[in-house]
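Letter by letter, the chains look like this.
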Amino acid sequence: MGENVIEIKHLTKEYKMYPTKKDRLMEAIFPSANRHSTFRAMDDLNLEVKKGEILGILGKNGAGKSTLLKMVTGVVTPTNGEIITKGKISSLLELGTAFNMELTGIENIYQHGQVMGLTNEQIEERKQEIIDFADIGDHLYQPVKTYSSGMFARLAFSCAINVDPEILIVDEVLSVGDMAFQLKCFKKFDQFKKKGKTILFVTHSITDVLKNCTRTIIINSGKKIFDGGVKEGVEKYKKIIVGIDEAVQPKEKGKTIKTKKTTNKDTWKSHFNENDEIIEYGNGQAEVIDYGVFDEKGNYLQSIDNGKEVILKSKIKFNDTVNEPIFTMTLKDFNGLEVCGTNTLIEKIATGKYQKGDVVEVSFKTRLQVAPNKYTLSFSCTHFKPSGELEVLNRKYDALLVEIISSKEHVGVLSLDTDISIDKQK
């Protein structure tokens, strides 16, 4: 990574909001009649993206992610600010926007290539690759208006991905078409990564961000509130989703809480490898005060055999009345990717009602059938408000560092419990 291929300076986008159509008309006729309010979709954003970076852009719905990408591609004009880009940009935003619905698929391949600045010779070089990738058969020679939504998406994606851009902009469109086509899309995306292309990637899938991105930014209400490492960005985004504000004071009800690593030898967790960089937050109505890994006889397990049953325990103390809390357990790799996990909601277990001062032990009896490696264990207690909103009472992410071992070789990330039979035919 070296030079900047995207430079954004003080980028702002404002939209006029009218109470009624009549107000819009009145202002159009009489410009001095101010009938609108102003919505700021992008608010003084500054950003630099270097060549070869894969930038994951996170944020809740309406945060301004798609608005940013549309301004970078030139679809939307900024109200203020400057965008400097170096190199050809191909965007997977609103697929097929350059298509003419009256033209055939093959004619639209040529039209799209011309819009992207390709010569006829360059289009000819790429045409067969586009046709093969889209794989829509004889429909290619029919008007696009006769296509199903799946065929339209396949051709549009194929046109956008096969122009060999320096910068690729992706907005929640990698999973188009059927499963076979989705696989082709992700393989093509991987090819771009290996070629060192610069990619701006908007998605709500934190798994895709963890697997694909080299850097993350978070946009909230049009402002960039985070710019840094992928794992750190994902954890901050999780807090934003559940309405946790990191800037508030600790130990207040409804606020983020922080606790120090224990030195009490009577606790379960003191017998394990605790994580010094544990990620903890919640509103304080409950707290995960202890956790550990045990065998069926209650002995501490310093390593976990992926073929044997283990018991993962957490102990939760309630600081307020809570009805039907949700108790969770999650295993993550060191990149922050959630490998597996479960909770009482998924398992359809009624948990009951708890009062201030109550303490509960939760046991997850399971086999962690994943490949031998080092992982982190997370525990939490959440619940749903009467409004249906998820509320985090206390999360302790990456609380314990654990090692999973095995007596046999593995392929991939899962450990399969398999019986193989061989029947030689005469």
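This write-up is about the structure you can find in this document. Treat the numbers as computed from the prediction; the structure is a model and nothing was measured. Within each chain, residues carry numbers counting from 1 in the order of the written sequence. Two thresholds apply to this predicted model, a pLDDT of at least 70 for residue-level local features and 80 or more for giving and counting side-chain atom pairs, whereas whole-chain, interface and lining totals are computed over all residues. Only hydrogens and water are set aside; all other atoms, that is, all heavy atoms of the structure, feed into the side-chain values.

Right, let's get into the overall build of the chain. For the purposes of this entry, the term helix denotes a DSSP run of H or I that reaches at least four residues, the term strand denotes a run of E that reaches at least two, and both are numbered from the N terminus. The helix and strand inventory of the chain stands at eight helices and 20 strands. In terms of overall dimensions, the chain has C-alpha extents of about 85 × 75 × 45 Å along its principal axes. Contacts are assigned to residue pairs with any non-hydrogen atoms lying within 4.5 Å of each other. The long-range share in the chain, meaning contacts at least 24 apart out of those at least 6 apart in sequence, stands at 71%. All accessibility values rest on the Shrake-Rupley procedure with a 1.4 Å probe; residue burial counts only the protein chains present in the view. Working note: accessible area of the chain is about 22800 Å², and carbon and sulfur atoms make up 49% of it. Charge convention: Lys and Arg are scored as positive, Asp and Glu as negative, and His as well as the terminal groups of each chain are ignored. Every charge is mapped onto a representative atom, which is NZ of Lys, CZ of Arg, CG of Asp or CD of Glu. Taking the average place of the 60 positive charges on the side chains of the chain and the average place of its 59 negative ones, the gap between the two points comes to 3 Å.

This next bit is on the pairing of strand β20 (residues 390–405). Between buried and exposed lies partly exposed: a residue is buried under 20% and exposed over 50% of the maximum accessible area for its type, with that area taken using a 1.4 Å probe on protein chains only. Of all 16 residues making up β20, 12 are buried, and the element is well covered by its neighbours. In this description, strands pair whenever DSSP reports at least two bridges between them. Relative to β20, strand β10 (residues 279–281) is paired through three bridges, and the arrangement is antiparallel. When the bridges of β20 are listed, Glu280 appears paired with Lys396. Two elements, strand β19 (residues 373–384) and β20, share 11 bridges in a ladder whose sense is antiparallel. Among the inter-strand pairings, His383 is bridged to a residue of β20, identified as Glu391. Counted along the chain from β19 to the antiparallel partner β20, the turn is five residues long, and its residue Gly388 has a positive phi close to 95°.

Let us look at helix α6 (residues 179–194). To estimate how far a helix should extend, the number of its residues minus one is multiplied by 1.5 Å. Helix length check: α6, at 16 residues, gives a terminal C-alpha distance of 23 Å against a target of 22 Å (1.5 Å per residue), a fit within 8%. All buried positions along α6 are accounted for by Phe181, Cys185, Lys188, Phe189 and Phe192. The buried side chains of α6 occupy one side of the element, clustering within an arc of 100° when seen end-on. Away from the buried face of α6 by more than 90 degrees, exposed residues Met179, Ala180, Lys187 and Lys194 are located. Residues of α6 that are buried sit in contact with α4 (120–134), α5 (149–161), β6 (167–171), β7 (198–202) and α7 (206–212). Two residues or fewer past α6, Gly196 is found with a positive phi of approximately 80°. When we speak of the arc, we mean the arc of directions from the helix axis to the C-beta atoms.

Right, let's talk about the sheet that holds strand β13 (residues 310–318) for a bit. Taken in spatial order, the three strands of this open sheet run β11-β13-β18, and their pairing is antiparallel. Taken across any chain shown, the strands that pair with only one partner, and hence form the sheet edges, are β11 (286–294) and β18 (359–366). This sheet shows a mean twist of 20° between the axes of neighbouring strands, independent of strand direction. Where β11 lies against β13, eight bridges are found, and the strand directions are antiparallel. What sits directly across from Gly292, in β13, is Lys313. Only C-alpha atoms enter the line fits that serve as axes; for helices the fit covers just the stretch in contact. Angles between N-to-C directions range over 0 to 180 degrees.

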